[in-house]
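Examination of the molecular architecture
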Amino acid sequence: MAKKPRTGCLPFRRRRPLGPLGHVLVLGLGKSGQAVVRYCQGLLGDRVESITVAGGVPCEDSRVFAADRAAPQVEFSFDQDEVCGAFDLCIASPGIPPSSSLYRSAQSASTEVVSEVEFAWREDNGASLWIAVTGTNGKSTTTALIAHILNANGQKARAVGNIGDTCLDAVREGAADVYVTEVSSYQLASTRDFAPDIAVLLNITPDHLSWHGNYEAYVAAKTKVFENLPGVPAAFAILNAADAGVFPVVEHFRAQTIEQRGFHYIAIGSPGSISAPLDGADECAFVRDRAMCWSYPSGETTFGSVDDLKIKGAHNVVNALSAALCATLFGAPPEEVAAALRAFAPLEHRIEPCGTVGGVVCYNDSKATNVDATVKALAAFGDERPIVLLGGEDKGTDLAALVCATEQYARAAVCFGAAGPRFLEAFAHSALPHFGAVALEDAFDTALDHASPGDIVILSPACASFDAFDDFEHRGRAFKALVSRRAHERGA
């Protein structure tokens with residue numbers, strides 16, 4: 001029988017014994033690689049015999065870290081194409097694709113290769129509950145929202161993974177009843193035993209294909225989050241059935257009995273719509289008369305109105321429903337869930353209001369690094385029709401859906417950066433006003449020149465940021481600084 005909404009304490013977890021790790025190889029020395037080195041150095045002479053770090057392409061931060069962490073039984077190297085030796089365990093950073101010679105040589109030299117997420121989950125030794133959130137878009141908002149609701153309910157939850165601290169740093173520090181983990185396809189691809197108590201799949205659209213090799217491998221990595229749920233008592237999967245990329249997974253689960261599947265699942269919406277429950281699903285979440293509803297075999301629960309959410313767009317309704325379901329399954333009363341949903345504000349760089357210039361309202365959506373994220377952002381404004389800034393480092397994805405959505409939801413488009421010429425070419429036959437610009441500042445000024453008081457300008461680039469910025473956060477903060485500067489020059 002499926003779970004009812006429950007309240008009370010989190011269930012007792014039996015700790016797993018932690019065995020020796022032996023000779024450890026660390027691939028990559030970014031954020032997750034540094035976390036692994038810090039953790040394993042604390043185990044030298046006990047569970048760890050040696051640490052070998054293949055740091056990849058060096059940067060100032062990684063070289064400084066290596067110098068600070070130099071010690072006996074710890075070896076650092078950079079710029080290598082392969083590793084030699086024999087290792088009991090390799091922890092690979094997400095930036096190193098399995099197709100690379102470095103990764104393949106590590107596989108040959110190591111008993112097993114896992115991601116930092118997998119390693120952290122093992123090292124937690126079963127003491128805490130885990131929620132894993134994945135999908136092409138919306139992971140950070142949903143992860144932060146789940147932790148926000150649980151903490152508002154008095155539970156010790158921590159948002160980790162691609163948001164906030166690494167999983168391993170959080171596990172090392174302890175003091176969390178629940179780890180809410182944002183997991184990427186990169187991280188999931190190198191998991192083996194990782195088994196969260198709840199796994200959430202928000203959406204799947206083509207992204208990171210050069211890393212995975214093809215779309216099928218990308219989907220396989222995303223859906224790997226469900227692989228070990230049958231071994232977890234009372235595990236749940238939460239899936240967005242309204243998403244075309246996720247629905248085949250829902251169909252697969254729906255065709256199985258609970259005995260065949262080994263866990264329960266909740267389908268959010270039905271194909272193409274979050275407003276209709278999915279027939280034949282274990283349980284359903286959907287929107288009815290603007291209320292967020294959860295229907296289960298013994299009844300129904302609501303989590304308030306979509307109109308009370310501060311986060312914009314239909315995609316954020318899915319995020320809110322996913323978070324509400326997770327929190328309620330972990331003991332948060334529905335009325336407290338609804339109150340926490342109402343209080344949650346947009347995350348930085350995710351359709352984030354960032355000021356006005358001459359009466360033009362500006363939004364920072366720098367996290368929209370792919371076409372699907374930008375399409376969702378534009379749709380969130382409905383009839384308000386923003387002027388959108390598009391461009392950055394080109395991922396080479398098909399732009400037809402972007403052009404179509406921009407024509408449907410936007411007032412104009414300004415294309416900039418390295419991707420600007422190809423984006424402009426995609427709009428060549430469009431009746432929508434579209435303009436070119438060299439860089440982000442030029443693009444923003446062009447948008448302001450074509451905007452009137454009351455209009456909206458949004459940076460939602462549908463591209464990576466690396467043509468001009470360190471990452472999407474750097475780009476977003478640069479945009480917000482630009483908005484502030486223009487407001488000072490021209491007035492708010």
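That block above? That's the structure.
Residues numbered from 1 in each chain as written. Predicted model: local features only at pLDDT ≥ 70, side-chain atom pairs only at ≥ 80, totals over all residues. Heavy atoms only, no water.

Comments concerning the pattern of salt bridges
- With the rule as written, the count across this model stands at 26 salt bridges.
- Residue Glu348 pairs with Lys480 through a salt bridge whose shortest N-O separation is 2.8 Å. In this pair, Glu348 sits in the loop between helix H13 (334-343) and strand S15 (352-357) while Lys480 sits in helix H18 (residues 472-490), placing the two residues 132 residues apart along the sequence.
- The partly exposed category is assigned to Glu348, whose relative accessible area is 27%.
- For Asp445, the salt bridge identified is with Arg486, shortest N-O distance 2.7 Å. You can see Asp445 sitting in helix H17 (residues 440-449) and its partner Arg486 sitting in helix H18, a full 41 residues away along the chain.
- Linked through salt bridges whose partners overlap, the residues forming this network are Glu441, Asp445, Arg485, Arg486, Glu489 and Arg490. (Salt bridge = Lys/Arg side-chain N within 4 Å of Asp/Glu carboxyl O. Helix = DSSP H or I, 4+ residues; strand = E, 2+ residues; numbered from the N terminus. Buried < 20%, exposed > 50% of the residue type's maximum accessible area, 1.4 Å probe, protein only.)

Considerations on the environment of Ser50
- Mapped onto the secondary structure, Ser50 falls in strand S2 (residues 48-54).
- The class of Ser50 is buried, set by a relative accessible area of 12%.
- Each C-alpha atom of the pair Ser50 and Ala234 lies 38 Å from the other, and the pair is 184 residues apart in sequence.
- Beyond its immediate sequence surroundings of up to four residues, Ser50 is in contact with Gly22, His23, Val24, Leu44 and Gln73. (Contact = heavy atoms within 4.5 Å.)

Quick notes on the pairing of strand S8 (residues 178-182)
- In terms of burial, S8 is largely enclosed, as 5 of its 5 residues are buried.
- Burial along S8 is two-sided: Val178, Val180 and Glu182 facing one way and Tyr179 and Thr181 facing the other are all buried.
- Bridge count for strand S6 (residues 129-134) against S8 is 5 bridges, and the pairing is parallel. Each bridged residue has a counterpart across the sheet, and for Trp130 the counterpart in S8 is Tyr179.
- On the question of chirality, the crossover connecting strand S7 (residues 157-161) to the parallel S8 by way of helix H6 (residues 167-173) is right-handed. (Pairing = 2+ DSSP bridges. Right-handed = clockwise from strand over helix to strand, strands pointing away.)

Overview of the packing of aromatic side chains
- Applying the stated criterion across every chain yields a total of 12 aromatic pairs.
- A centroid spacing of 5.7 Å and a plane angle of 85 degrees characterise the contact between Tyr39 and Phe119, whose relative ring orientation is edge-to-face. Of this pair, Tyr39 sits in helix H1 (residues 31-41) while Phe119 sits in helix H4 (residues 116-123), placing them 80 residues apart in sequence.
- With centroids separated by 4.9 Å and ring planes inclined at 80 degrees, the aromatic side chains of Tyr363 and Phe381 adopt a geometry described as edge-to-face. Highlighted residues: Tyr363 in strand S16 (residues 360-364) and Phe381 in the loop between helix H14 (371-379) and strand S17 (387-391), separated in sequence by 18 residues.
- Against the face of Phe78 rests Arg63, its NZ or CZ located 5.2 Å from the ring centre. (Phe/Tyr/Trp six-rings, centres within 6.5 Å; stacked < 30°, edge-to-face > 60°. Lys NZ or Arg CZ within 6 Å of the ring centre and 35° of its normal.)

Observations concerning the layout of surface pockets
- Size it by volume and the second largest pocket reaches roughly 800 Å³.
- Counting only elements with at least two residues in the lining of the second largest pocket, the list comes to helix H5 (139-152), helix H12 (314-329), H14 and helix H15 (400-409).
- Taken together, the residues that form the lining of the second largest pocket break down as 20 nonpolar, 16 polar and 10 charged. (1 Å grid on protein atoms, 1.4 Å probe; cavity = no way out; pocket = protein on both sides within 12 Å on 5 of 7 lines; lining within 4 Å. Points joined across faces, edges and corners; volume = space filled by probe spheres on them. Nonpolar A, V, L, I, M, F, W, Y, C, P; charged D, E, K, R; others polar.)

Some words on the nonpolar core
- Of all hydrophobic cores here, the largest spans 63 residues; its most connected members are Phe119, Phe226, Leu239 and Val250.
- Within the second largest apolar cluster, 48 residues are counted, among which are Ile131, Val178, Ile238 and Leu325. (Core = buried A, V, L, I, M, F, W, Y, C linked by side-chain atoms within 4.5 Å.)

Here we look at empty space enclosed by the protein
- Applying the stated criterion across every chain yields a total of 1 cavity of 30 Å³ or more.
- The volume enclosed by the largest cavity comes to roughly 40 Å³.
- Forming the walls of the largest cavity are 10 residues, and the residues nearest its centre are Ala92, Ser93, Pro94, Tyr186 and Ser190.
- Broken down by class, the residue content of the lining of the largest cavity amounts to 6 nonpolar, 4 polar and no charged.

Some details on H4
- In terms of residue burial, H4 counts as a mostly covered element, since 8 of its 8 residues are buried.
- Among the residues making up H4, those that are buried are Glu116, Val117, Glu118, Phe119, Ala120, Trp121, Arg122 and Glu123.
- Looking at the residues trailing H4, positive phi occurs at Asn125, about 55 degrees.

Focus: H17
- Across the 10 residues that make up H17, a large majority, 7, are buried.
- Where H17 is concerned, the buried positions are Leu440, Ala443, Phe444, Asp445, Thr446, Ala447 and Leu448.

Some words on the side chain of Thr181
- Checked against the element boundaries, Thr181 lands in strand S8.
- With residues near it in sequence (within four places) discarded, Thr181 still touches Val117, Trp130, Ile131, Ala132, Val133, Thr143, Val160, Gly161 and Cys167.

Concerning the side chain of Asp455
- Here Asp455 is to be found in the loop between H17 and strand S20 (456-459).
- Here Ser452 takes part through its backbone nitrogen, which lies 2.9 Å from a polar atom of the side chain of Asp455.
- With residues near it in sequence (within four places) discarded, Asp455 still touches Gly359, Val360, Val361 and Arg411. (Polar contact = N/O pair within 3.5 Å; in protein donor to acceptor, adjacent residues only side chain to side chain.)

Notes on the sheet that holds strand S12 (residues 283-288)
- Strands sit in the order S7-S8-S6-S9-S10-S11-S12-S13-S14 across an open sheet of 9 strands; the sheet is mixed. A single partner strand is all that each edge strand has here, and the edge strands are S7 and strand S14 (299-305). Within this sheet the neighbouring strands show an average axis-to-axis angle of 20 degrees, counted without direction.
- Relative to S8, H5 is tilted by about 165 degrees, and along the sheet it contacts S6, S7 and S8. (Axes fitted to C-alpha atoms, helices over the stretch in contact; angles between N-to-C directions.)

Some thoughts on the pairing of S12
- A large share of S12 lies buried, amounting to 5 of its 6 residues.
- Two elements, strand S11 (residues 264-268) and S12, share 3 bridges in a ladder whose sense is parallel. Residue pairing for S12: Ile268 is matched across the bridge by Ala285.
- Where S12 and strand S13 (residues 291-296) come together, 5 bridges link them in antiparallel fashion. Its bridge partner lying in S13, Cys284 is registered against Ser295.
- Linkage of S12 to S13, two consecutive antiparallel strands, is achieved through a turn of 2 residues, within which Asp289 is found at a positive phi near 55 degrees.

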